[in-house]
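Structural features, examined
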Protein chains: 2
Amino acid sequence: MITLQQCVAMDERDPLGAFRGRFSLPEGVVYLDGNSLGALPAATVAHLQQVIAQQWGERLIRSWNEAGWIDLPVRVGDKIGQLVGARPGETVVADSTSINLFKLLACALRLQPQRRVILAEAGEFPTDHYMAQGLSAWLAAGYELQRVPAAQLASSLDQRVAVLMLSHVNYRSGAMHDMAAVTAQAHAVGALVLWDLAHSAGAVPLQLVDCDVDFAVGCGYKYLNGGPGAPAFAYVAERLQPDLQSPLSGWFGHVRPFAFEPDYAAAPGIRPLLCGTPAVLSMSALEVGVDLMLETTMSVVREKSLALTDILRALVVQELEGHGFEIITPQAHAQRGSQISLRHPHAWPLSQALIARGVIGDFRAPDVLRFGLAPLYVSFRDVWQAVARLRELMRSGDWNRPEFLQTAAVT
Amino acid sequence: MITLQQCVAMDERDPLGAFRGRFSLPEGVVYLDGNSLGALPAATVAHLQQVIAQQWGERLIRSWNEAGWIDLPVRVGDKIGQLVGARPGETVVADSTSINLFKLLACALRLQPQRRVILAEAGEFPTDHYMAQGLSAWLAAGYELQRVPAAQLASSLDQRVAVLMLSHVNYRSGAMHDMAAVTAQAHAVGALVLWDLAHSAGAVPLQLVDCDVDFAVGCGYKYLNGGPGAPAFAYVAERLQPDLQSPLSGWFGHVRPFAFEPDYAAAPGIRPLLCGTPAVLSMSALEVGVDLMLETTMSVVREKSLALTDILRALVVQELEGHGFEIITPQAHAQRGSQISLRHPHAWPLSQALIARGVIGDFRAPDVLRFGLAPLYVSFRDVWQAVARLRELMRSGDWNRPEFLQTAAVT
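The rules behind each value
- Residues numbered from 1 in each chain as written.
- Chains lettered and ligands numbered in written order.
- Predicted model: local features only at pLDDT ≥ 70, side-chain atom pairs only at ≥ 80, totals over all residues.
- Heavy atoms only, no water.
- Helix = DSSP H or I, 4+ residues; strand = E, 2+ residues; numbered from the N terminus.
- Rg over C-alpha atoms; globule rule 2.2 N^0.38 Å.
- Buried < 20%, exposed > 50% of the residue type's maximum accessible area, 1.4 Å probe, protein only.
- Contact = heavy atoms within 4.5 Å.
- Lys, Arg positive; Asp, Glu negative; His and termini not counted.
- Charge placed at Lys NZ, Arg CZ, Asp CG, Glu CD.
- Pairing = 2+ DSSP bridges.
- Axes fitted to C-alpha atoms, helices over the stretch in contact; angles between N-to-C directions.
- Least-squares fit on C-alpha atoms with pLDDT ≥ 70 in both.
- Polar contact = N/O pair within 3.5 Å; in protein donor to acceptor, adjacent residues only side chain to side chain.
- Parallel < 35°, antiparallel > 145°, perpendicular 65-115°, else oblique.
- Left-handed = near helix turned anticlockwise from the far one by under 90°.
- Nonpolar A, V, L, I, M, F, W, Y, C, P; charged D, E, K, R; others polar.
- Core = buried A, V, L, I, M, F, W, Y, C linked by side-chain atoms within 4.5 Å.
- Salt bridge = Lys/Arg side-chain N within 4 Å of Asp/Glu carboxyl O.
- Right-handed = clockwise from strand over helix to strand, strands pointing away.
- Phe/Tyr/Trp six-rings, centres within 6.5 Å; stacked < 30°, edge-to-face > 60°.
- Lys NZ or Arg CZ within 6 Å of the ring centre and 35° of its normal.

Once that is clear, we can look at the overall build of chain A. The helix and strand inventory of chain A stands at 13 helices and 13 strands. Expected size for 411 residues packed as a compact globule is a radius of gyration near 22 Å; at 22 Å, chain A falls within 12% of this value. For the C-alpha atoms alone, the extent of chain A along its principal axes is close to 70 × 55 × 40 Å. Counting only residues that meet the buried cut, chain A has 65% of its 411 residues in that class. A separation of at least 24 residues holds for 73% of the contacts in chain A among residues at least 6 apart in sequence. Chain A carries 32 positive and 39 negative side-chain charges, and their two centres are separated by 2 Å.

Right, let's get into the sheet that holds strand E5 (residues 161-167) of chain B. Residues and elements named next belong to chain B. Strands sit in the order E2-E8-E7-E6-E5-E3-E4 across an open sheet of seven strands; the sheet is mixed. Looking along the sheet, the strands with just one partner apiece sit at the ends: strand E2 (91-94) and strand E4 (144-148). Put simply, the sheet's adjacent strands are angled 20° from each other on average, direction ignored. Across five bridges, strand E3 (residues 117-121) lies against E4 in parallel orientation. The partner of Ile118 across the bridge, within E4, is Leu145. In this fold helix H8 (residues 179-188) packs onto E5 and strand E6 (192-196), with an angle of close to 150° to the strand it touches most, E6.

Paired through backbone hydrogen bonds, the strands of a sheet run either parallel or antiparallel to each other. Residue and element names in this part refer to chain A. Ordered in space as E9-E10-E13-E12, the four strands form an open sheet in which the pairing is antiparallel. Looking at the sheet topology across the chains shown, the edges are occupied by strand E9 (326-327) and strand E12 (362-364). By the bridge criterion, five bridges tie strand E10 (residues 339-343) to strand E13 (residues 368-372) in an arrangement that is antiparallel. Residue Ile340 lies in a different strand from E13, and its bridge partner there is Phe371. Here helix H10 (residues 298-320) sits on the sheet and contacts E9, E10 and E13; the angle it forms with E10, its principal contact strand, is near 25°. Against the sheet, helix H11 (residues 347-356) engages E12 and E13, with an angle of about 40° to E13.

Moving on to the relation of the copies chain A and chain B. Note on the identical chains: chain A maps onto chain B by a rotation of 180° and an axial translation of 0.0 Å, with an RMSD of 0.0 Å. Overall, the copies show the geometry of a two-fold rotation axis. Comparing contact sets, 100% of the residues at the interface of chain A also lie at the interface in chain B, consistent with an isologous, same-surface contact.

This paragraph deals with H11(A). All names here are of chain A. Of all 10 residues that make up H11, seven are buried, and the element is covered over most of its length. Of the residues making up H11, those classed as buried are Ala347, Trp348, Pro349, Leu350, Ser351, Ala353 and Leu354. Those residues of H11 that are buried lie in contact with strand E11 (359-360), E12, E13, helix H12 (380-396) and helix H13 (402-405). Gly358 occupies a position one or two residues after H11 and carries a positive phi of about 85°.

Attention now moves to the side chain of A:His168. Residue and element names in this part refer to chain A. As for its placement among the helices and strands, His168 is situated in the loop between strand E5 (161-167) and helix H8 (179-188). Look at His168 and you get buried, because its relative accessible area is 4%. A polar atom in the side chain of His168 sits 2.7 Å from the side chain of Ser200. In contact with His168, other than residues within four places in its own chain, are Ala175, Met176, His177, Met179, Trp195, Asp196, Leu197, Ser200, Val204 and Leu206.

Once that is clear, we can look at unusual backbone geometry. Along the chain, A:Ala365 connects to A:Pro366 via a cis peptide bond; the corresponding omega equals 0°. Summarising the element assignment, A:Pro366 is placed in the loop between E12 and E13. A positive phi angle, close to 50°, is found at B:Asp95, a residue other than glycine.

What follows deals with the packing of helix H4 (residues 72-84) of chain A against helix H9 (residues 280-293) of chain A. A packed helix pair is summarised by two numbers, namely the angle formed by the two axes and the spacing between the axes. Residues and elements named next belong to chain A. In contact at an axis separation of 10 Å, H4 and H9 are set at 25° when each is read in the N-to-C sense. Here H9 runs roughly parallel to H4, going by the angle between their axes. Classified by chirality, the crossing of H9 by H4 is left-handed. Contacts from Leu72, Pro73, Arg75, Val76, Lys79, Ile80 and Leu83 of H4 reach H9 at Val280, Met283, Ser284, Leu286, Glu287, Val290, Asp291 and Met293. In terms of residue class, the contact of H4 with H9 is made up of 10 nonpolar, one polar and four charged.

In terms of nonpolar packing, the biggest core is built from 309 residues, with A:Phe215, B:Val84 and B:Leu197 touching the most fellow members. Contacts of B:Leu197, omitting those with residues within four sequence positions, involve B:Val84, B:His168, B:Met179, B:Leu206, B:Leu208, B:Ala216, B:Val217, B:Gly218 and B:Phe233.

What follows deals with the interface of chain A and chain B. In this complex, chain A contributes 88 residues to the contact, which on the side of chain B involves 88 residues. Between the two partners, chain A and chain B, sit two salt bridges. A:Asp263 is paired through a salt bridge with B:Arg147; the nearest N and O atoms lie 2.6 Å apart. Counting residues per element, the ones that place at least two in the side of chain A that touches chain B are helix H2 (42-58), helix H3 (63-66), helix H5 (97-110), helix H6 (126-138) and H9 of chain A. Each residue belonging to the side of chain A that touches chain B can be placed in one class, and the counts come to 53 nonpolar, 26 polar and nine charged.

A word on the pairing of E5(A). Residues and elements named next belong to chain A. Across the seven residues of E5, seven count as buried, placing the element largely inside the fold. The sheet contact formed by strand E3 (residues 117-121) and E5 spans three bridges and is parallel. Paired with Ile118 across the two strands is Val163, which belongs to E5. Bridge count for E5 against strand E6 (residues 192-196) is five bridges, and the pairing is parallel. Bridged to Met165 within E6 is Leu194. In this fold, E5 hands off to H8, which returns the chain to E6; that crossover is right-handed.

What follows is about the pattern of salt bridges. Residues and elements named next belong to chain A. Scanning the model with the defined rule gives 46 salt bridges over all chains in all. Between Arg256 and Glu261 there is a salt bridge, with the nearest N and O atoms lying 2.4 Å from each other. For Arg256, a relative accessible area of 42% gives the class partly exposed. Linking Glu319 and Arg391 is a salt bridge whose minimum nitrogen-to-oxygen distance equals 2.2 Å. Here the residue Glu319 occupies a position in helix H10, and Arg391 occupies one in helix H12, the gap between them amounting to 72 residues. A single burial state applies to Glu319 and to Arg391, both of which are buried. Linked through salt bridges whose partners overlap, the residues forming this network are Arg75, Lys79, Glu287 and Asp291.

All right, on to the packing of aromatic side chains then. Aromatic ring pairs are defined here through the distance separating the ring centres and the angle between the ring planes. All chains considered together, the criterion is met by 31 aromatic pairs over all chains. Each ring, one from B:Trp64 and one from B:Trp69, has its centre 5.4 Å from the other, and the planes form 85°; the classification is edge-to-face. By the burial criterion, B:Trp64 is buried, and B:Trp69 matches it. Pairing B:Trp251 with B:Phe260 gives two aromatic rings, centres 6.4 Å apart and planes at 25°, and the pair type is stacked. For B:Trp251, a relative accessible area of 2% translates into the label buried. Through pairs of rings, three or more aromatic residues link up here, namely A:Trp64, A:Trp69, A:Trp251, A:Phe252, A:Phe258, A:Phe260, B:Phe125 and B:Tyr171. Between A:Arg110 and the ring centre of B:Trp138, over which it is positioned, the NZ or CZ distance is 4.4 Å.

Written out as structure tokens, the structure is:
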């Protein structure tokens, strides 16, 4: 039996316990949706105030140089690079995850002129597939987006596969791939790999260089706590950078952007992944979130993440048996990210009723309750309370009320 | 002779005079670079504080619905639509100008399957040309980016031209095209038009519907005062929206983004131009700038803009004769935007020496001093002071000092 007292004791021993105070979290809310929108670092408020009032308002255009706005994409990129096991110069912040995926998928396809298959997993977060479809529709070569269940990925890898494009941690189930093994399997048949780290970066340790990863993209507004719609990042292995040719060839990726030359000439290194003028306000907020995470290490984060997810799993079994929940997140540590997902026929009204009781998780169509456990600010007591309130809802039947049955869900 | 007293008197009569106090401008600075980075609206500071601390920090994920984040791209787009003469539903805010241009150019080319020429003007802001080159390089059809001087545009329009892609106001010279006439000329040969309004929106009256414009893009951080790297906008005429097929087909352009369907299906209307998750912080700042501009009308703005540019031209002639300046901005009202550009062999050190004396204009390679006159916050006295300080520099020769000769220009 796990007790509330044990959870409180685990919080007292938590080496990340002090981080919770570094976030501005609302009173009385158990926030288990940091994999949709990360919480607000307290320092972000003052930093953005400074960026807006001082850098923009007082110094105006001069801040491009004085305040280092011009270097933000590479500077914040390299900081994220430290979190994902990249070398300096391999990671950059720009645009959105979808757009970065488009750029890198295009670059990868160009490197594989004889191959026509983009292999992906069925049931991943769909924007990656939408972007692949959009890109393919524009290319005369005729690419096939082949989607298979995870168990069939290895057997589907063959000489036709140009790129294996894969979410490292599945947004819905929380299942995690073995990045080193899958990358090696892809390379063995001559395929390139493009990993989507949206649910990994800041949640699990990553070693992109050690895993010999070719390309990766990731999200700034989930575990990196960069704020709503924060810019995304892109990683390209150093060895592939000389061959980068992004179709989105904008002036910030030009070798001499302020020479205003008539023809595009790509900058060296990672910079050709930049396109238009960087979103300074949003990128400045992201930097605060990344800096905060760099105050600890990903192994400490992972240790707490596993403890949180273990406790949540155990409490679901202990407290919710017989109420129709199925845990769809894999049990093995090596196979899961930092979330626990429960399948339940009434997942939608349950998610709404939980929110009304101060437990914010989220719903993923058609029938999944998803709880993201961001180790920097989620406590073991939070986990206890979430399950306790869910149990109360099941016992009272209070989830079955008209206000919780309305539609409309939003990430 | 124009006198300082006359300038002060014009400020006293200025119907936009009260707007200057709505901006947070630094003391003692004459800011003539609003066409590179617009000034900070005073209300932006408090609004972003509220968006960050309250909407993000307190309400977290719930703000996508509660605070209307989900509608920001269309809501702010429609507000910009009012400034550019668009119908509701024809304008949306998303990504950067470069990326929006890529989307619309791609859509336009797809509508013209028999034509292979993208016609543009030589010497425009180069990112538009870079994006066209990047897109073309990816398309098997083999497009030609044909660039000609403005005077040859009309004679270059023929049945080969798929798209005429044109900056309405030239970033360097400030020369403005006759949008109605040029659009009609393009349509007469069956070409589509794609206007870049970066130096027009918020600076000159625009009537996109009345001019029968097909596509347009524009910038949020210049005359719209949206902040550094603010998101950009895109316009598509209602009649063309059913045929929109953007290669950047991300989940925010899906007809049911939160159903997480496996295959892309475009939303109706303008929404297929959305791609990834919108940058809420940057977009919220842009909304304040646009709201402020909507408190007046573009005809009042234009009237002051023409008066400011007329006075600046006249003062350059009156005060700087014999110092080697050439005014490259056209004299006719109908042919210029809201800036005056001066060619001078020492434009770079002059621009730096002026900044050191509190007059911020900017330099455009290789030899142009550019003064943007944003009518909401630039005064006639500012114009007087800018010319007076430039005259002092020329007379004293103080621009010719080592610190002003170093390189490195930005935006």
